[in-house]
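Chain residues, written in single-letter form:
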Amino acid sequence: MNICEREGGRCAEMAMVCLTDFEEYAKEHLSKATWDYYAAGADECCTRDDNLLAYKRIRLRPRILRDVSVSDTRTTVQGTEISFPVGIAPTAFHCLAWHEGEVATARATEALNTCYITSTYSTCSVEEIVAAAPNGYRWFQLYVYRDRKLSEQIVHRVEGLGYKALVLTVDVPYTGKRRDDIRNQFKLPPHLKVKNFDGVFQETAGPEEYGIPANTLDPSISWKDVYWLQSITRLPIIIKGILTKEDAELAVEHGVQGIIVSNHGGRQLDGGPATIDALAEIVDTVQGRLEVYLDGGIRTGSDVLKALALGAKCVFIGRPAVWGLAYKGEEGLREVLQILNDEFRLSMALSGCRNVAEINRNLIQFSKL
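Residues numbered from 1 in each chain as written. Predicted model: local features only at pLDDT ≥ 70, side-chain atom pairs only at ≥ 80, totals over all residues. Heavy atoms only, no water.

Colleague: Provide a residue-level description of the layout of surface pockets, including the pertinent values.
Modeller: Unfilled space is identified by rolling a water-sized probe across the atoms. As a volume, the second largest pocket reaches approximately 400 Å³. The wall of the second largest pocket is formed by 19 residues, among which Val170, Asp171, Gly241, Ile242 and Asp247 lie closest to the centre. Among the elements of the structure, helix H8 (224–232) and strand E12 (237–242) are those that each provide at least two residues to the lining of the second largest pocket. Looking at the lining of the second largest pocket element by element, the count peaks at three residues for E12. Looking at the lining of the second largest pocket residue by residue, the classes come out as ten nonpolar, six polar and three charged. (1 Å grid on protein atoms, 1.4 Å probe; cavity = no way out; pocket = protein on both sides within 12 Å on 5 of 7 lines; lining within 4 Å. Points joined across faces, edges and corners; volume = space filled by probe spheres on them. Helix = DSSP H or I, 4+ residues; strand = E, 2+ residues; numbered from the N terminus. Nonpolar A, V, L, I, M, F, W, Y, C, P; charged D, E, K, R; others polar.)

Colleague: So what about the nonpolar core? Which residues, and what values?
Modeller: The biggest cluster of nonpolar side chains holds 107 residues, and the ones touching the most others in it are Phe93, Tyr121 and Ile359. No other element matches helix H12 (residues 319–351), which puts 13 residues into this core. Contact partners of Tyr121, with chain neighbours within four places excluded, come to Ala92, Phe93, Glu102, Tyr143, Tyr145, Val194, Tyr210, Ile212 and Leu217. Within the second largest apolar cluster, 14 residues are counted, among which are Val77, Tyr137, Val167 and Ile238. (Core = buried A, V, L, I, M, F, W, Y, C linked by side-chain atoms within 4.5 Å. Buried < 20%, exposed > 50% of the residue type's maximum accessible area, 1.4 Å probe, protein only. Contact = heavy atoms within 4.5 Å.)

Colleague: Please give an account of the confidence of the model for the protein that cites residues and values.
Modeller: Overall, the predicted model of the protein reaches an average pLDDT of 94, with 95% of residues at or above 70. Below a pLDDT of 50 lies the segment residues 1–12, which in the model reaches 17 contacts outside its immediate sequence neighbourhood of four places, other chains included. (pLDDT = per-residue confidence, 0-100.)

Colleague: Hey, could you go over the pattern of salt bridges for me, with residue numbers and the actual values?
Modeller: Summed over the entire model, instances satisfying the criterion amount to 19 salt bridges. Among the ionic pairs, Asp198 bridges to Lys193, the shortest N-O distance being 4.0 Å. Looking at Asp198, the relative accessible area reads 45%, which means it is partly exposed. Counted as one network, the salt bridges with shared partners bring together Asp50, Arg57 and Asp277. (Salt bridge = Lys/Arg side-chain N within 4 Å of Asp/Glu carboxyl O.)

Colleague: Outline unusual backbone geometry, listing residues and values.
Modeller: Positive phi outside glycine occurs at Asp43, with the angle close to 50 degrees. With respect to the helices and strands, Asp43 occurs in the loop between helix H2 (32–39) and helix H3 (46–56). Judged by its relative accessible area of 30%, Asp43 is partly exposed. The backbone phi angle of His264 is positive, close to 60 degrees, even though this residue is not glycine. The class for His264 is buried, based on a relative accessible area of 14%.

In structure tokens, the structure reads:
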């Protein structure tokens with residue numbers, strides 16, 4: 001009963017102070033299968049856990065007496081100004097956490113003026129999301145399907161709706177082995193569906209994987225599909241799922257506009273690097289030729305500061321967004337984002353940075369652990 005203390009039938013809410021408070025609330029209030037789905041990592045969850053632990057190995061080198069009476073957290077992504085360098089990573093099935101689902105996510109990110117990457121696997125349609133938050137800044141996360149027409153149709157839909165970039169997820173030729181989902185035989189409840197594909201797939205008795213027929217994703221996806229995507233859209237293309245300097249160099253050569261350093265929240269290959277550990281070599285390789293972002297393991301404002309100091313332009317949060325929704329929908333997610341914003345501003349000031357331009361690698365000291 002850590003969140004609610006019963007006092008004569010009244011529920012006195014505990015103050016939500018940090019992202020861990022939202023995590024505890026979500027774990028207590030979501031069904032076991034839903035909690036396990038969001039929390040899942042692949043195999044032994046080493047990479048999932050290391051995404052968080054890696055931040056604790058990094059120490060900051062604060063500068064003092066720098067006049068931090070005024071601070072500015074604003075930055076730009078793909079030329080668009082956002083209020084602070086934290087956006088919402090693409091995560092599936094928000095309606096499992098809160099009845100309004102992605103509509104609430106869209107409103108919260110619009111209110112805080114940051115970037116929302118809408119998942120292909122949304123339980124609200126892209127049209128519903130745009131209608132709910134017409135002035136929000138959004139990118140769309142895309143998979144390449146065996147049926148290229150399916151991918152092409154959704155690209156044209158989101159382009160017409162004013163989405164500003166495509167985020168091509170490249171680390172899922174096959175779905176990682178998530179043990180709890182297998183044990184729970186995870187399926188979307190009957191009242192929810194992957195709304196963007198409503199009516200696309202004939203009702204089949206065949207096996208289903210996360211709301212769509214199994215084997216829909218194309219394992220033959222390769223760099224030539226980046227050229228194919230460029231041929232059907234004028235939107236900037238950001239590749240999500242790069243973890244090495246070799247692939248970062250190939251991304252530059254293929255003319256994409258951004259990279260999200262990501263291991264899919266530790267849900268795909270177990271035993272890969274924590275994203276914060278992979279970041280520096282990628283930043284050093286691209287040398288400003290495209291923007292580099294990061295997701296995975298961000299839980300505090302000082303995590304955000306460390307990622308920016310190592311060269312990320314912006315970071316994205318996945319699971320914490322879902323915890324915010326589980327707590328209080330749009331309002332809960334606004335609280336999560338506001339806490340991260342406040343913590344980031346404080347960490348900046350305590351490190352002697354007045355704006356994001358002053359954050360650089362001199363802030364970082366790798367501990368000798």
